[in-house]
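Observations on the three-dimensional arrangement
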Amino acid sequence: MRRAFGHLHRWLGLATAAFLFISGLTGAVISFDHELDAWLNPTFYVAPEAAGPALAAVELADRVEAREPRIRVTYLPLSAVPGETVQMFGMPRMDPATGAPFELGFDQLAVDPSTGAILASREWGAVSLRRENILSFLYKLHYTLHIPDGFGIELGSVFMGLVAIAWTVDCVVSLYISFPNPKLWRRSFQFSWREGGRRLLFDLHRSGGVWLWALLFVLAVTAVSMNLGDQVVRPLVALVSPLSPDPFDGAPVPTEPLPEPRPLSDDERAAL
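These numbers were taken from a predicted model, which means no experiment stands behind them. As a convention, each chain's residues are numbered from 1 in the sequence order in which they are written. Reporting in this predicted model follows two pLDDT cut-offs: at least 70 for local features of residues, and 80 or more for side-chain atom pairs to be given and counted; totals over whole chains, interfaces and linings ignore these cut-offs and use all residues. Values shown for side chains rest on all heavy atoms present in the structure; no hydrogens or waters enter the calculation.

**Topic: the overall build of the protein chain**
Note on conventions: DSSP H or I runs of at least 4 residues are helices, E runs of at least 2 residues are strands, and numbering of each starts at the N terminus. Counting secondary structure elements, the protein chain contains nine helices and four strands. When the helices and strands of the protein chain are read in sequence order from the N terminus, they spell out α-α-α-β-β-β-β-α-α-α-α-α-α. With C-alpha atoms as the basis for the radius of gyration, the globule rule is written as 2.2 Å multiplied by the number of residues raised to the power 0.38. Radius of gyration (C-alpha) of the protein chain: 25 Å, far over the 19 Å computed for a compact globule of 272 residues. Each residue's exposure class comes from its accessible area (1.4 Å probe, protein chains only) as a fraction of the maximum for that residue type: buried when under 20%, exposed when over 50%, partly exposed otherwise. Across the 272 residues in the protein chain, those meeting the buried criterion constitute 31%. Taking as baseline every contact in the protein chain between residues at least 6 positions apart, the subset at least 24 positions apart corresponds to 53%. Accessible area for the protein chain stands at about 18100 Å²; split by element, carbon and sulfur atoms hold 65% of it. In this analysis, two residues are considered to be in contact whenever any of their non-hydrogen atoms come within 4.5 Å of each other. Note on areas: Shrake-Rupley, 1.4 Å probe, and residue coverage restricted to the protein chains presented here.

So this is what it looks like as structure tokens:
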């Protein structure tokens, strides 16, 4: 049985190594994505000297849509940080001439909070190594490998979730085979520094893994949770604990393009 688990550990490790290397390397970089992105693209973060107080969020969205009528603002912060731009996301409106969405080439904007002027734009997560795209490119590479969606599924996230499941199983298998003799359990935590060579490499792999096992297991399980939360984690948790209802369960999924939203009334603006 231990020999079979040893083979399983080897093949699971080989099957997931490249994907985990890419995910680990990009994850280390995007841990500082805000700081690195601000360093590479100051125009996306630094606002010019304010011409006045920051406008309300709704007013900013209105001014951006007036300047760029092809876009509908879908996300923006409700307050501005002094000296910084307001970053907002949007989606293309429908082109009345073609009945299809406008081709924008961008979905993120950096806006002057005091005037609503558009200072910079880019497509978040685009496959590009240009300085304005590289951090979002690495961010998306981290959890999807830029695998395109298909069949109504985020295939990249699902694939990396399956890799995380294999990693989780491998963590359990590796812990089992790391203790071949329960009476000599201390040996599994030791390194053969004096012997060197093949023996030391084996100890670095086995004992190093034992010392870091809890950290690796937590990373593997959280990777499953973040990529396959609805498909795997919530059903498993539901077996042992009641879950809060998802407000989006049963919500209708539109099959046709949504109509243009109506403008807000003055009372609705005041309420915001």
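**What about unusual backbone geometry?**
With a phi close to 60°, His-146 is a non-glycine residue in the positive phi region. Following the sequence through the fold, His-146 ends up in the loop between α4 (134-144) and α5 (155-177).

**Digging into the pattern of salt bridges**
In what follows, salt bridge is the name for a side-chain nitrogen of Lys or Arg lying within 4 Å of a carboxyl oxygen of Asp or Glu. Scanning all chains against the criterion turns up seven salt bridges. For Glu-65, the salt bridge is made with Arg-93, and the minimal N-O distance between the two is 3.2 Å. Highlighted residues: Glu-65 in helix α3 (residues 57-67) and Arg-93 in the loop between β2 (86-92) and β3 (108-111), separated in sequence by 28 residues. A residue is classified by how much of its surface remains accessible, and Arg-93, at 16% relative accessible area, is buried. Among the ionic pairs, Asp-203 bridges to Arg-199, the shortest N-O distance being 3.7 Å. Within this pair, Asp-203 and its partner Arg-199 are both found in helix α6 (residues 197-211), separated by four residues, close to a single helical turn. In this structure Asp-203 comes out as buried when scored by relative accessible area, which is 1%. The network of salt bridges with common partners includes Arg-199, Asp-203 and Arg-206.

**Some remarks on the sheet that holds strand β1 (residues 71-75)**
Taking strand neighbours across the sheet as the criterion, the four strands line up as β1-β2-β3-β4 in an open arrangement whose pairing is antiparallel. The outermost strands of the open sheet, each flanked by one partner alone, are β1 and β4 (118-122). Here the strands of the sheet are splayed against their neighbours by 35° on average, with no regard to which way each runs. Here four bridges tie β2 to β3, and the two strands are oriented antiparallel to one another. The residue of β3 that forms the bridge with Val-86 is Val-111. For helices, the fitted line uses only the C-alpha atoms of the stretch in contact; every axis is such a line through C-alpha atoms, and the angle between N-to-C directions lies from 0 to 180 degrees. Packed onto the sheet, α3 meets β1, β2, β3 and β4 and runs at close to 155° relative to β1. Two strands are said to pair when DSSP picks up at least two bridges between them.

**Things to note about the pairing of β3**
Because side chains alternate across β3, one face comprises the buried residues Gln-108 and Ala-110, and the other comprises Leu-109 and Val-111, equally buried. As paired elements, β3 and β4 share four bridges and run antiparallel to each other. By the bridge assignment for β4, Leu-109 is matched with Ser-121. Hairpin remark: β3 followed by β4, antiparallel, with six residues in the connecting loop; positive phi at Gly-116, about 80°.

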